[in-house]
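What follows is each chain in one-letter form.
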Amino acid sequence: MSESETTSADSTTIAYDVVIVGGGLSGLLTAVSLIENKSDASSIKLAIIEANAIKPSQQNEFDDRVLALSHGSVEYLKSLSVWQLMAGDATPIEQIHISDRGNYGKARIKAANHSVEALGYVIPLASIANGLLIHLEAIDAIDWLAPATIEAIDYQQEQVSIQLVDEATISTKLLVACDGGQSICRKAANISSIQTEYQQHAVIANVITEKPHQNQAFERFTEQGPIAMLPMSGNQCSLVWTLEPELAQSISKLDEQSFCLALEQAFGGWLGSIKQSSRRVVFPLALIAAESQTFHRMALVGNASHTIHPIAGQGFNLGLRDVKVLSRLITQALNNQEDIGAGQILNQYQESRQQDQSAIIRLTDSMVTLFSNDLPPLVAGRNVGLKVMNYLTPLQKAFVNKTMGY
Amino acid sequence: MSKSLNVNLNEIAKFEKVASQWWDLSGDFKPLHQINPLRRQFILQHVSELFGKSIIDVGCGGGILAESLAKLGANVTGIDMGEEPLNVAKLHALESGVEVSYQKITAEEKAQENQEVFDIVTCMEMLEHVPNPASIVNACAQLVKPGGYVFFSTLNKTTKSYLLAILAAEKLFKLVPDGTHDHDKFIRPSTLIGWAEASQLKCIDATGIHYNPVTENHKLAPGLDVNYILCCQKVG
């Protein structure tokens, strides 16, 4: 861009400290974190660009996805004073019940034994989003650019300039990309991502069981793959059933009654019969990881940086920790009156996140291999695997000491 | 013509032969792909922001380092004397949509035309492959701006480096092709620092690049006895 263009654009350009691209969970959480963490003395000019219209305090559309929040994630939401806005919709996991079809082994992990009231919480995704929106609306400290579409992103030495379709160009010292697995920001910065497919699909549904779950989460190992049942309100559970692709397809296409029966047989009688099931949705298990979490004046957060297969929202817990680290670094820089988009800060973000991510990604990798294999040594090894599994379902991860310390 | 050039034709031929392997992440250059993030990390420890910086990578080969620096927004030139590796580098840059300017020229010739024009000069795993490494060090010093940074990495001349880089990596585990390295050409850090200082470069940091061929673990850590990397700053 030539000097003259920069100058002429300046007259209409609104300059921000931080522009968040994407008004999903990661974007909303980043905004809340930056506002809640900053000291009263410092100010931050903040905008969110979102492609869809956002109507705070109103359920946008029916979205039945649920997430399992780890204990650490809930503590963080509490520290931001937003947990009370969503806690009413959350079901605590007080106990995890682990069993293996064909083996007598059974394990129970209780919250009470770990001195916490819950090992984790199951909560509809929409409830988290609404809680965060209500909070943001109440404090009224950000500019909403929604619905808005990005036409071009220009990375410059001192700022990033973002041109919106049919709107003014805005500039920012730091761009936080929360725009999901198909991140436009990631593409604009030419950051490639590595995709690993796991020849496994997950069948997801909400089911109603005969017996109450009593706030237990269930993890059941079968020759075909693991079944996770997460407690929701009433006698409802959120099911994640991991299977080989073909089997997943055929099972999901069964009529409701046959599906319930198939699940009952594989799951065992722990919750009595399976009475009803919602529409079944099948997701291929995949991991998409960006080769870098930063670019000049830009940080990738959440799914924009790593999409983990859809089991039980592990991805969200990981994304939440991205937000936590990034907002702490930004707040520090603000307090020290440093340039919040400086390479030094972004390098720190990249380095401090790398370890967490590679640990989870590595373990997720090996978990899938472990599950899909039915050779005797591995079956015997599943008990060891149960420990490793903490990384697969965040509720179980919650009591790994490392995570308990957040 | 080749008489005056600081090039070992056998070395060039060695790399021409395996050029197609450069970007095969599990091929002959796998160790380079694995340690490349470490090199980048070391550079970022000294120059936190590469966006907009002009960088020349001397002995760029297939462009593994050059491309990774360009991806951070640097304006990168890669030079090498191997025709095939350069072709591979150019093709790969097209494929990944990264702008790197590649050129077949010696460091000495490049330095004659480009005195003190680059913010950063990198010269990684290259010095041990040329007849006169001191002359390369001097050329790098001429290419960089006063106050700019030059990064060198190479292999130390120790018994351990023989055991690891040649016996283990080439003969036992066949991580890199047999004959990739010649232990006589390995360079002690003191020697390299001596050449640097004779060329107005001040060595400000040195660290070891540790690579375990069995576990494939790799990390930056003290201990320069095998593979090491230096950061030098041009006086002035």
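Keep in mind the model is a prediction, meaning the values are calculated, not measured.

A. How the structure looks around the packing of aromatic side chains. Scanning the entire structure with this criterion turns up 10 aromatic pairs over all chains. Here B:Phe15 and B:Phe29 contribute two aromatic rings whose centre-to-centre distance is 6.5 Å and whose plane-to-plane angle is 25°, an arrangement assigned as stacked. With a gap of 14 residues between them, B:Phe15 in helix H1 (residues 9-17) and B:Phe29 in the loop between H1 and helix H2 (30-46) connect regions that are remote in the sequence. Note on accessibility: B:Phe15 and B:Phe29 belong to one class, buried. Geometrically, the ring pair formed by B:Trp22 and B:Phe29 is stacked, given 3.8 Å between the ring centres and 5° between the ring planes. Across the pair, B:Phe29 and B:Trp22 agree in class, each one buried. Put simply, the rings of A:Tyr155, A:Phe295 and B:Phe51 touch in pairs and so form one group of aromatic residues. A cation over a ring is seen here: A:Arg280 above A:Phe259, with NZ or CZ 4.8 Å from the ring centre.

B. Broad picture of empty space enclosed by the protein. Under the defined criterion, the tally for this structure stands at 1 cavity of 30 Å³ or more. What lines the largest cavity is A:Asn190, A:Ile191, A:Glu291, A:Ser292, A:Thr294, B:Arg40, B:Lys71 and B:Leu72. Of the residues that constitute the lining of the largest cavity, the class distribution is 2 nonpolar, 3 polar and 3 charged.

C. Representation of the pattern of salt bridges in the model. The tally for this structure, following the rule as stated, stands at 14 salt bridges over all chains. Measuring nitrogen to oxygen at the nearest pair gives 3.1 Å for the salt bridge that ties A:Asp17 to A:Lys173. Here A:Asp17 is found in strand S1 (residues 14-21), whereas its partner A:Lys173 is found in strand S11 (residues 169-177), with 156 residues between them in sequence. Residue A:Asp17 is classed as buried on the basis of its relative accessible area, which comes to 14%. Among the ionic pairs, B:Lys145 bridges to B:Asp119, the shortest N-O distance being 2.8 Å. Of this pair, B:Lys145 sits in strand S5 (residues 144-155) while B:Asp119 sits in strand S4 (residues 118-124); the two residues are 26 residues apart in sequence, bridging distant segments of the chain. Residue classification places B:Asp119 among the buried residues on the basis of a relative accessible area of 19%. In the salt-bridge network here, residues are joined through shared partners; they are A:Glu158, A:Arg297 and A:Asp339.

D. Spotlight on the UniProt feature "transmembrane region" (unreviewed entry) in chain A. Feature annotation in UniProt places "transmembrane region" (unreviewed entry) on residues 14-35 of chain A, given in this structure's numbering. Secondary structure content for residues 14-35 of chain A is 50% helix and 36% strand, and the end C-alpha separation is 19 Å.

E. Summary view of the interface of chain B and chain A. With 12 residues of chain B in contact, the opposing surface of chain A contributes 14 residues. In total, about 1,000 Å² of surface goes out of reach between chain B and chain A, with carbon and sulfur atoms giving 43% of it. By the criterion of area lost to chain A, the three top residues of chain B are B:Glu49, B:Phe51 and B:Lys71, representing 54% of everything that side buries. Joining chain B to chain A, the criterion identifies 1 salt bridge. Measuring nitrogen to oxygen at the nearest pair gives 2.6 Å for the salt bridge that ties A:Glu291 to B:Lys71. Inspection of the region where chain B meets chain A yields 8 residue pairs in polar contact (both at pLDDT 80 or more). A breakdown of the residues in the side of chain B that touches chain A according to their chemical character gives 4 nonpolar, 6 polar and 2 charged.

F. Quick look at helix H7 (residues 256-267) of chain A. All names here are of chain A. For H7, built from 12 residues, the straight-helix expectation of 16 Å at 1.5 Å per residue is met to within 8% by its first-to-last C-alpha distance of 16 Å. Turning to H7, the residues buried within the fold contact strand S12 (193-209), strand S13 (216-222), strand S14 (225-231), strand S15 (236-243), helix H6 (245-252) and strand S16 (274-277). Where H7 starts, the residue carrying a side-chain oxygen 3.1 Å from the main-chain nitrogen of Gln257 turns out to be Asp255.

G. Fine view of the sheet that holds strand S2 (residues 75-80) of chain B. All names here are of chain B. Pairing within the open sheet is mixed, and its 8 strands lie in the order S3-S2-S1-S4-S5-S8-S6-S7. Because the sheet does not close on itself, it has two edges, and the strands there are strand S3 (100-104) and strand S7 (218-221). Direction aside, neighbouring strands of the sheet carry axes that sit 20° apart on average. Where helix H4 (residues 83-96) meets the sheet, it contacts S2 and S3, and its direction lies at approximately 165° from that of S3. Strands strand S1 (54-58), S4, S5, strand S6 (201-211) and strand S8 (227-234) of the sheet are contacted by helix H6 (residues 133-143), whose axis makes an angle of about 150° with S5.

H. Quick peek at the sheet that holds strand S3 (residues 66-70) of chain A. All names here are of chain A. The 3 strands are arranged S3-S7-S4 in an open sheet whose pairing can be described as antiparallel. If you trace the sheet from one side to the other, it starts and ends with S3 and strand S4 (91-93), each paired once. Each adjacent strand pair in this sheet contributes to an overall mean axis angle of 25°, direction not counted. Looking at chain direction, S4 and strand S7 (residues 120-124) are connected through 3 bridges and run antiparallel. Looking across to S7, one finds that Ile93 is bridged to Gly120. Running over the sheet, helix H3 (residues 71-79) touches S3 and S7 and is turned about 90° from S3. Against the sheet, helix H4 (residues 125-139) contacts S3 and S7, and its axis sits at roughly 85° relative to S7.

How each quantity is defined
Residues numbered from 1 in each chain as written. Chains lettered and ligands numbered in written order. Predicted model: local features only at pLDDT ≥ 70, side-chain atom pairs only at ≥ 80, totals over all residues. Heavy atoms only, no water. Phe/Tyr/Trp six-rings, centres within 6.5 Å; stacked < 30°, edge-to-face > 60°. Helix = DSSP H or I, 4+ residues; strand = E, 2+ residues; numbered from the N terminus. Buried < 20%, exposed > 50% of the residue type's maximum accessible area, 1.4 Å probe, protein only. Lys NZ or Arg CZ within 6 Å of the ring centre and 35° of its normal. 1 Å grid on protein atoms, 1.4 Å probe; cavity = no way out; pocket = protein on both sides within 12 Å on 5 of 7 lines; lining within 4 Å. Points joined across faces, edges and corners; volume = space filled by probe spheres on them. Nonpolar A, V, L, I, M, F, W, Y, C, P; charged D, E, K, R; others polar. Salt bridge = Lys/Arg side-chain N within 4 Å of Asp/Glu carboxyl O. UniProt positions renumbered as here; feature names shortened; annotations may be inferred. Contact = heavy atoms within 4.5 Å. Buried area = accessible area lost by both parts, 1.4 Å probe. Polar contact = N/O pair within 3.5 Å; in protein donor to acceptor, adjacent residues only side chain to side chain. Expected span 1.5 Å × (residues − 1). Pairing = 2+ DSSP bridges. Axes fitted to C-alpha atoms, helices over the stretch in contact; angles between N-to-C directions.

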